[in-house]
Amino acid sequence: MGILTSIYSRLFKYIEATAEMIDFDIYIVDNKLLRIIGTGIYSKMLGIVLHKNTSNGWVLKNMKPLFMFNPLENEICEECPMKKSENCGKEYSIHMPIISNGKCLGVVTISSTYEDASKKRIVREKDKLLQFIAVTAEAIAEFVENEIKLANYEKLLSFSEEAIIITDKEGNIIRMTDVVKKNFQNFHNIYDLISKSKVSYGDDFQKSTFKINNSLCVNRVKVNLNGNDYNQIFFLQMENKNKNEENNGFIDKEIFLGKIIGKSETIEELRKVVLHVAKYNSNCLILGESGTGKEMFAKLIHNISDRRDNPFIPINCAAIPDHLIESEIFGYEAGAFTGASKKGKKGLFEVANNGTIFLDEIGDMPIYLQPKLLRVLETGKITRIGGTKEIQLDVRFVAATNKNLSEKMKNGQFRDDLYYRLCVIPLNLPALRERTEDIIELTRYFIDKYNNKFNKNIKNIENRVKKNLLIYDWPGNVRELENVIEYAITMEKTDTLTASSLPLNINYNSNIGFDSAQEISINDFKKQNIANLIEKYGNTVKSKTIISKELGISLSTLYRYLKKYEF
């Protein structure tokens with residue numbers, strides 16, 4: 001397995017967020033020219049090894065960036081076997097080598113779609129995109145270098161009998177000793193265990209000690225990696241190490257539920273539902289738009305359940321290539337297929353035994369695999385690929401999707417019997433626009449997060465910023481809000497978040513018909529804006545389609561507003 005593949009999960013999230021930010025598809029090949037990560041159209045073309053005479057092969061060999069704005073005409077294309085492809089000449093691309101310690105680990109590529117507008121844009125913005133992809137390649141190289149350093153840390157930790165956790169700057173757990181694994185399984189961030197309110201902030205700390213409760217005391221040390229980046233090492237002093245004790249001080253449900261930010265009626269109700277759902281082992285289906293935090297809620301359900309000391313295994317049904325997903329999920333026996341390990345391999349379902357399986361993007365699970373999943377849900381047993389022995393499992397299934405499964409069932413793309421097996425307990429997550437009263441609290445939470453990450457000291461929020469954030473419709477939900485705040489903090493030069501630091505689309509969309517001098521409520525503004533558009537276009541079904549497009553919201557959202565404001 002290549003070094004890039006070993007940090008796949010970190011790379012995938014980073015590349016996905018980067019592609020969304022620049023609105024171009026991105027893919028990565030490793031040093032064997034195997035495409036391991038891709039967004040957009042390339043997410044369906046993973047696991048393919050490119051030819052050495054392709055543009056990626058040239059960049060890998062020469063370790064230089066490459067603009068491919070003249071496909072089929074560039075001299076590199078003369079020996080490329082891809083030039084016969086009908087799509088080869090339709091896309092422009094920028095390639096950047098990923099270099100670490102003088103070696104090329106792979107290539108990261110920004111690609112246009114086949115549309116002329118996208119091709120023109122990539123040419124027009126080439127200098128900006130070149131800088132962007134160069135930073136991306138450097139960041140990936142740093143991921144790799146830090147992974148090697150941390151692997152060395154792990155070797156040292158493997159001999160330790162102390163409870164030690166290594167995290168990154170944001171507290172995400174990277175390595176831990178066996179003592180911690182035994183007592184604190186399935187904590188993905190140190191602040192799942194330690195309430196942030198009890199921790200001193202800032203980049204200036206070198207060493208600090210604080211008591212969590214009568215059972216746990218924590219010592220923290222900062223370890224510099226490079227530049228302004230650092231890791232944290234936490235030494236846990238535990239007086240009560242019996243994790244099965246009834247009054248276990250290590251599991252504080254309020255700490256977990258505190259990760260649900262907001263005080264709206266909807267969020268308060270969700271906290272109660274999550275606490276109740278976690279008591280049972282019934283399968284749960286989390287429904288919600290993209291960016292509403294479906295995986296976070298799945299983790300919360302697991303972490304406050306009786307299964308918390310056992311694995312939580314997330315599986316993104318849309319991210320794993322079709323030809324790999326079956327072997328990844330069910331595992332395989334030795335010699336089951338060409339290239340299979342001689343020892344065989346446990347599947348993710350087996351790894352999750354006694355724990356929780358989170359099936360993210362379940363609506364994208366291939367139709368041919370759905371009957372096999374249904375059988376697992378019905379029998380609680382699996383059979384490895386190439387095997388004959390059934391393996392009994394004790395696993396709770398939590399699935400999630402942003403797709404309309406009812407429509408997919410009507411179209412024959414999703415089995416109705418599988419749906420009813422998964423949807424024993426439905427959990428509906430609200431869109432951010434449906435809980436606008438939580439937006440400012442979430443904003444402050446993200447300001448604290450990125451103040452810490454970027455060594456900023458933003459303390460205040462300009463009133464105009466609050467109004468802009470409240471009026472905007474947030475099609476990308478909480479994830480989009482976080483991206484906007486991260487962008488704004490990097491751009492802000494004062495200690496107050498100002499409107500000038502917000503992305504243009506937030507300022508533009510939120511100021512349509514808005515007089516900043518008017519002291520009106522957000523609901524009054526939205527109601528008046530809709531009323532003006534109804535007066536302009538009429539109240540027919542066709543008119544409502546036009547109004548929803550002008551407001552930049554979905555038709556279903558417009559109908560919710562019409563009902564809410566009693567039109």
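Above this note sits the structure.
The paragraphs below set out a description of the structure included in this document. Each residue is numbered by its place in its chain's sequence as written, counting from 1. In view of the model being predicted, local features appear only for residues whose pLDDT reaches at least 70, and side-chain atom pairs are presented and counted only at 80 or more, with totals across whole chains, interfaces and linings using the full set of residues. Hydrogen atoms and water are omitted, and side-chain values are computed over all heavy atoms in the structure.

### Concerning the overall build of the protein
Argument step 1. Helix and strand counts for the protein come out as 21 helices and 21 strands.
Argument step 2. Taken over 567 residues, the protein has a buried fraction of 49%.
Argument step 3. Considering only residue pairs separated by 6 or more positions, the protein has 63% of its internal contacts joining residues 24 or more positions apart. Labels follow the DSSP assignment, with helices taken as runs of H or I lasting at least four residues and strands as runs of E lasting at least two, numbered in each case from the N terminus. For the exposure calls, accessible area comes from a 1.4 Å probe over protein chains only, and a residue counts as buried if that area is under 20% of its type's maximum, exposed if over 50%, partly exposed in between. The contact criterion used throughout is that any non-hydrogen atoms of two residues lie within 4.5 Å.

### Quick look at the side chain of E482
Argument step 1. Counting through the fold element by element, E482 comes out in helix 17 (residues 477-491).
Argument step 2. Overall, E482 belongs to the buried group, its relative accessible area being 17%.
Argument step 3. Look past the residues within four positions of E482 in its chain and what remains in contact with it is F446, K449 and Y450.

### Digging into the environment of K294
Argument step 1. Position of K294 among the secondary structure elements: in helix 9 (residues 294-303).
Argument step 2. The spacing of K294 and E361 is 67 residues in sequence and 9.8 Å in space, taken between C-alpha atoms.
Argument step 3. When neighbours within four sequence positions are excluded, K294 is seen to be in contact with I286, L287, G288, E289, F358, A400, T401, N402 and L429.
Argument step 4. Here a polar contact means two N or O atoms within 3.5 Å. Within protein one must be a hydrogen donor candidate and the other an acceptor candidate, and residues neighboring in sequence count only if both atoms are side-chain atoms. At 3.2 Å, the side chain of K294 forms a polar contact with the backbone oxygen of G288.
Argument step 5. Reaching out from K294, the side chain makes a polar contact with the backbone oxygen of E289 at a distance of 3.0 Å.

### Concerning the sheet that holds strand 12 (residues 312-316)
Argument step 1. Should DSSP find at least two bridges between two strands, the strands are taken to pair. Overall, parallel pairing links the 5 strands, which are arranged 12-15-18-11-19 in an open sheet. This sheet does not close on itself; its edge strands, each paired only once, are strand 12 and strand 19 (425-428). Neighbour-to-neighbour, the strand axes of this sheet turn through a mean angle of 20 degrees, independent of strand direction.
Argument step 2. In the sheet, strand 15 (residues 356-360) pairs with strand 18 (residues 396-401) via 4 bridges, with the strands oriented parallel. Note on strand 18: the bridge partner recorded for T356 is R396. Between N-to-C directions, angles cover 0 to 180 degrees, with each direction set by a line fitted to C-alpha atoms, over the stretch in contact for helices.

### Some remarks on the layout of surface pockets
Argument step 1. Note on definitions: the grid is 1 Å and covers protein atoms alone; a cavity is a set of points where a 1.4 Å probe fits but cannot get out; a pocket is an open set with protein on both sides within 12 Å along at least five of seven lines; lining residues have an atom within 4 Å of a point. Grid points are joined across faces, edges and corners, and a volume is the space filled by probe spheres set on the points. Put simply, the second largest pocket is a space of about 720 Å³.
Argument step 2. Along the walls of the second largest pocket sit 17 residues, with E20, M21, I22, Y487 and P503 positioned nearest its centre.
Argument step 3. Of all the elements in the fold, those that place two or more residues in the lining of the second largest pocket are helix 2 (8-22), helix 5 (126-157), helix 17 and helix 18 (504-510).
Argument step 4. Taken together, the residues of the lining of the second largest pocket break down into 9 nonpolar, 2 polar and 6 charged. Side-chain classes are defined by residue name, with Ala, Val, Leu, Ile, Met, Phe, Trp, Tyr, Cys and Pro counting as nonpolar, Asp, Glu, Lys and Arg as charged, and the others, Gly among them, as polar.

### Re empty space enclosed by the protein
Argument step 1. Applying the stated criterion across every chain yields a total of 2 cavities of 30 Å³ or more.
Argument step 2. Here the second largest cavity defines a volume of roughly 30 Å³.
Argument step 3. Around the second largest cavity sit A278, Y280, N281, I301, H302, S305, R307, T356 and R396, which together line it.
Argument step 4. Residues that form the lining of the second largest cavity fall into these classes: 3 nonpolar, 4 polar and 2 charged.

### With respect to the sheet that holds strand 5 (residues 103-111)
Argument step 1. Across the sheet, 5 strands lie side by side as 2-1-5-4-3; this open sheet has antiparallel pairing. Strands with a single pairing partner mark the edges of an open sheet, and in this sheet they are strand 2 (35-38) and strand 3 (66-68). If you compare each strand with its neighbour and ignore which way they point, the axes differ by 20 degrees on average.
Argument step 2. Note: strand 1 (residues 25-30) against strand 2, 3 bridges, orientation antiparallel.

### Regarding the packing of helix 8 (residues 265-277) against helix 9
The geometry of a pair of packed helices is captured by two quantities: the angle between their axes and the separation between those axes.
Argument step 1. Close contact between helix 8 and helix 9 brings their axes to 8 Å; oriented N to C, the two are set at 45 degrees. Judged by the inter-axis angle, helix 8 sits oblique to helix 9. Between helix 8 and helix 9 lies a crossing of right-handed hand. Contacts between helix 8 and helix 9 involve L270, V274 and V277 on the former and, on the latter, F297, L300 and I301.
Argument step 2. Residues of the contact of helix 8 with helix 9, tallied by class, amount to 6 nonpolar, no polar and no charged. With respect to orientation, any angle under 35 degrees is reported as roughly parallel, any angle over 145 as roughly antiparallel, any angle of 65 to 115 as roughly perpendicular, and every other angle as oblique. The hand of a helix crossing depends on one turn: near helix anticlockwise from the far one by less than a right angle means left-handed, and clockwise means right-handed.

### What about unusual backbone geometry?
Argument step 1. Even without being glycine, E361 reaches a positive phi, approximately 55 degrees.
Argument step 2. Tracing the chain through its elements places E361 in the loop between strand 15 and helix 12 (370-379).
Argument step 3. Residue class for E361 comes out buried when judged on its relative accessible area of 19%.

### Some thoughts on the packing of aromatic side chains
Argument step 1. Aromatic pairing here means that ring centres of Phe, Tyr or Trp (its six-membered ring) are within 6.5 Å. Orientation follows from the plane angle: under 30 degrees is stacked, over 60 is edge-to-face, and everything else is tilted. Overall, the coordinates contain 10 aromatic pairs when judged by the stated rule.
Argument step 2. An angle of 55 degrees between the planes, with centres 5.4 Å apart, marks the rings of F67 and F69 as tilted.
Argument step 3. With relative accessibility at 30%, the residue F67 sits in the partly exposed group.
Argument step 4. Of the residues examined, F69 reaches a relative accessible area of 18% and is grouped as buried.
Argument step 5. Through successive ring pairs, a cluster of aromatic residues spans F67, F69 and Y92.
Argument step 6. Charge-over-ring contacts are defined here by two conditions on Lys NZ or Arg CZ: a distance within 6 Å of the ring centre and an angle within 35 degrees of the ring normal. We note R35 situated over the ring of Y27; from NZ or CZ to the ring centre the distance is 4.5 Å.

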